[in-house]
Amino acid sequence: MTTTTPSRRARLRAETVTEIKDAARRLLVAGGPTAISLRAIARDLGMTAPALYRYFPSLDALILAVVTDLFEDLRAAVVDAATEHGDDPPLVRVGHMARAFRRWSLERPAEFALMFGSPVPGVTPCAERHGPLNDAGARFGETFFTVLGEHYARHPFGGTAPDLPDPALRELFKPYLDTFGDRFPLPVIYLFVAAWTRLYGIVAMEVFGHLRWAMTDVEPLFEVELARTVSRLAR
């Protein structure tokens with residue numbers, strides 16, 4: 001099999017794209033999502049704002065690319081946690097992966113805000129047209145589903161989904177089924193989404209400082225909910 005070496009022009013373009021995204025991320029960290037602008041990036045890189053359009057057709061497309069990269073960074077952190085504890089049972093690894101998600105988020109509050117906070121105007125429609133953000137988010141989710149799949153291959157799920165009638169589940173989880181298929185029983189999908197909602201909610205409130213009024217340390221609450229999550233998934 002032969003490999004094609006990228007041309008010098010292609011390499012220079014790729015390097016410039018990386019520099020633009022890095023500049024956008026610096027602005028994000030320094031001033032939050034609203035600080036990202038083509039004018040500020042151009043000034044940082046010594047370019048003109050119109051020149052940036054040769055690399056990204058719009059600010060929305062650039063932000064979409066940055067968010068896609070961030071999801072890949074987060075996925076790598078979660079995968080590393082699973083690999084580091086590869087000899088542990090699958091559900092124990094899920095716990096380590098959830099902790100890695102929390103650590104990554106707390107260490108990068110500005111990035112978390114861009115990925116999981118209020119939608120940035122224009123990014124969602126752009127993602128629907130171009131897809132990479134959806135793909136990156138799906139790959140992030142797949143890290144958890146792969147490990148869960150190992151568990152349920154050894155221990156088939158025998159429980160039921162509480163509070164929701166079975167006939168409603170397939171329609172309710174249609175977006176999930178369209179993306180990931182139906183390799184898990186619907187009650188498992190329900191339990192995972194419910195668990196993710198609880199754990200994500202704790203992490204988001206911790207990242208944004210919304211629990212400071214009540215707690216000096218959020219980690220014990222996270223650990224209690226994580227243990228409860230793993231217990232429910234083990235049914």
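Check the entry above for the structure.
Notes on the structure follow. (Residues numbered from 1 in each chain as written. Predicted model: local features only at pLDDT ≥ 70, side-chain atom pairs only at ≥ 80, totals over all residues. Heavy atoms only, no water.)

### A few points about the packing of helix α4 (residues 59-84) against helix α5 (residues 90-107)
Close contact between α4 and α5 brings their axes to 8 Å; oriented N to C, the two are set at 140°. By the angle between their axes, α4 is oblique relative to α5. The handedness of the crossing between α4 and α5 is right-handed. Of the residues in α5, those touching α4 at Leu70, Asp73, Leu74, Ala77, Val78, Ala81 and Ala82 are Arg93, His96, Met97, Ala100, Phe101 and Trp104. Considering only residue class, the contact of α4 with α5 consists of 10 nonpolar, one polar and two charged. (Axes fitted to C-alpha atoms, helices over the stretch in contact; angles between N-to-C directions. Helix = DSSP H or I, 4+ residues; strand = E, 2+ residues; numbered from the N terminus. Parallel < 35°, antiparallel > 145°, perpendicular 65-115°, else oblique. Left-handed = near helix turned anticlockwise from the far one by under 90°. Contact = heavy atoms within 4.5 Å. Nonpolar A, V, L, I, M, F, W, Y, C, P; charged D, E, K, R; others polar.)

### Looking at the side chain of lysine 21
Mapped onto the elements of the fold, lysine 21 is located in helix α1 (residues 8-31). Judged by its relative accessible area of 18%, lysine 21 is buried. Within the structure, the side chain of lysine 21 is placed 2.7 Å from the side chain of aspartate 69, a separation counted as a polar contact. When sequence neighbours within four positions are dropped, the list of residues in contact with lysine 21 reads Phe56, Leu62, Ala65, Val66 and Asp69. (Buried < 20%, exposed > 50% of the residue type's maximum accessible area, 1.4 Å probe, protein only. Polar contact = N/O pair within 3.5 Å; in protein donor to acceptor, adjacent residues only side chain to side chain.)

### Thoughts on the pattern of salt bridges
As enumerated under the stated definition, the model contains 14 salt bridges in all. Aspartate 44 is the partner of arginine 26 in a salt bridge, and the nearest nitrogen-oxygen pair spans 2.9 Å. Within this pair, whereas arginine 26 is found in helix α1, its partner aspartate 44 is found in helix α2 (residues 38-45), the two being separated by 18 residues in sequence. We classify aspartate 44 as partly exposed; its relative accessible area is 41%. Across the pair glutamate 225 and arginine 228 runs a salt bridge, and its minimum N-O distance is 3.0 Å. Highlighted residues: glutamate 225 and arginine 228, both in helix α12 (residues 219-233), separated by three residues, approximately one helical turn. A relative accessible area of 12% places glutamate 225 in the buried class. Overall, the relative accessible area of 46% leaves arginine 228 in the partly exposed class. Put simply, Arg25, Asp73 and Glu111 are held in one network by salt bridges that share partners. (Salt bridge = Lys/Arg side-chain N within 4 Å of Asp/Glu carboxyl O.)

### Structural notes on α12
Counted at 1.5 Å a residue, the expected span for α12 with its 15 residues is 21 Å, and the 21 Å between its end C-alpha atoms agrees. Buried within α12 we find Phe222, Glu225, Leu226, Thr229, Arg232 and Leu233. Looking straight down α12, one finds that the buried residues subtend no more than 125° of arc, so they occupy a single side. (Expected span 1.5 Å × (residues − 1). Arc of directions from axis to C-beta.)

### Some words on the packing of α1 against α4
Contact geometry for α1 and α4: axes closest at 10 Å, N-to-C directions at 85°. Judged on the interaxial angle alone, α4 and α1 are roughly perpendicular. Contact residues: Ile20, Lys21, Ala24, Arg25 and Leu28 in α1; Leu62, Ala65, Val66, Asp69, Leu70 and Asp73 in α4. Tallied by class, residues from the contact of α1 with α4 come to seven nonpolar, no polar and four charged.

### Regarding the packing of aromatic side chains
If you walk through the whole model with that rule in mind, you get 20 aromatic pairs. For the ring pair phenylalanine 71 and phenylalanine 140, a centre distance of 6.2 Å and an interplane angle of 55° mean the geometry is tilted. Here phenylalanine 71 is found in helix α4, whereas its partner phenylalanine 140 is found in helix α8 (residues 132-154), with 69 residues between them in sequence. The same class applies to phenylalanine 71 and to phenylalanine 140, which are both buried. Both rings, one in phenylalanine 101 and one in tryptophan 196, keep their centres 5.0 Å apart while their planes meet at 50°; by these two values the pair is tilted. Highlighted residues: phenylalanine 101 in helix α5 and tryptophan 196 in helix α11 (residues 186-207), separated in sequence by 95 residues. Overall, tryptophan 196 belongs to the partly exposed group, its relative accessible area being 24%. The ring of phenylalanine 222 carries the charged tip of arginine 102 above its face, separated from the ring centre by 5.6 Å. (Phe/Tyr/Trp six-rings, centres within 6.5 Å; stacked < 30°, edge-to-face > 60°. Lys NZ or Arg CZ within 6 Å of the ring centre and 35° of its normal.)

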